[in-house]
Amino acid sequence: MAKFQCPKCPKSFKTNNGLKWHLLHIHNVQYDEAQADSQYRQAAGESNADDFATLYLLPSVPIELVKAAYRTLAKLHHPDMSNSPNATEKMKELNRAYEAIMKRQSTE
Ligand SMILES: [Zn+2]
């Protein structure tokens, strides 16, 4: 079950966006992607966990959620939309992870 644990209080959320909103509005902090990344890598602990972590998901989520998360993140990190200097790299990483998950899914 995908769970996004708030690092500041005991609350947890079903979606990444839920946690993001909560952090911003309740704790007044920006969502820390680096921290989330390592947190989910640790929680996942499986061989393909890195690909899911890139999409801020746990490996047990349904494939529909992977697709939805990818679409959301792709919009967020698209070099045309993002001011981040790492947007292009992040986009490549997202695409690679998404394709790897989809490929694995189709061979199962
Ligand atoms: Zn909280």
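Rules behind the numbers
Residues numbered from 1 in each chain as written. Predicted model: local features only at pLDDT ≥ 70, side-chain atom pairs only at ≥ 80, totals over all residues. Helix = DSSP H or I, 4+ residues; strand = E, 2+ residues; numbered from the N terminus. Buried ≥ 20, exposed ≤ 12 C-beta atoms within 10 Å, placed from the backbone. Contact = placed C-beta atoms within 7 Å. Core = buried A, V, L, I, M, F, W, Y, C linked by C-beta atoms within 7 Å. Arc of directions from axis to C-beta. pLDDT = per-residue confidence, 0-100.

## Remarks on the overall build of the protein
A count of helical and extended segments in the protein gives five helices and two strands. Mapped from its N terminus to its C terminus, the protein presents α and β elements in the order β-β-α-α-α-α-α. With 108 residues in all, the protein has 20% of them scored as buried. Restricting the contact set of the protein to residue pairs at least 6 apart, pairs at least 24 apart contribute 29%.

## Points about the nonpolar core
Looking at soluble globular proteins, one finds that nonpolar side chains tend to be buried together. Counting residues in each nonpolar core, the largest one holds 13 residues, and the members touching the most others are Leu55, Leu57, Val66, Ala69, Tyr70, Leu94 and Tyr98. Listing elements by their share of this core, those giving two or more residues are helix H3 (49-54), helix H4 (63-77) and helix H5 (87-107).

## Some remarks on helix H1 (residues 16-26)
Within H1 the residues assigned to the buried category are Asn16, Leu19 and Leu23. Along the axis of H1, the buried positions cluster into a sector of 65 degrees, meaning they face one direction only. What points out from H1, more than 90 degrees from its buried face, is the exposed set Leu24, His25 and Ile26.

## What about the confidence of the model for the protein?
Any residue range with low pLDDT should be treated as having predicted coordinates unsuitable for detailed reading. Confidence in the prediction for the protein averages 79 pLDDT; 81% of positions are at 70 or higher. For the protein, per-element mean pLDDT is lowest for helix H2 (residues 33-44), which scores 59, and highest for H4, which scores 89.

## Some details on unusual backbone geometry
Residue Tyr56 is not a glycine yet carries a positive backbone phi of 60 degrees. Mapped onto the secondary structure, Tyr56 falls in the loop between H3 and H4.

## Considerations on the environment of Asp50
With respect to the element layout, Asp50 can be found in helix H3. For Asp50 and Ala97, which are 47 residues apart along the polypeptide, the C-alpha to C-alpha distance reads 7.9 Å.

## Structural notes on the environment of Lys92
Inspection of the secondary structure assignment puts Lys92 in helix H5. Taking the number of C-beta atoms within 10 Å as the measure of exposure, Lys92 has 11 and is therefore exposed. With 15 residues separating them in the primary sequence, Lys92 and His77 have C-alpha atoms 9.8 Å apart.

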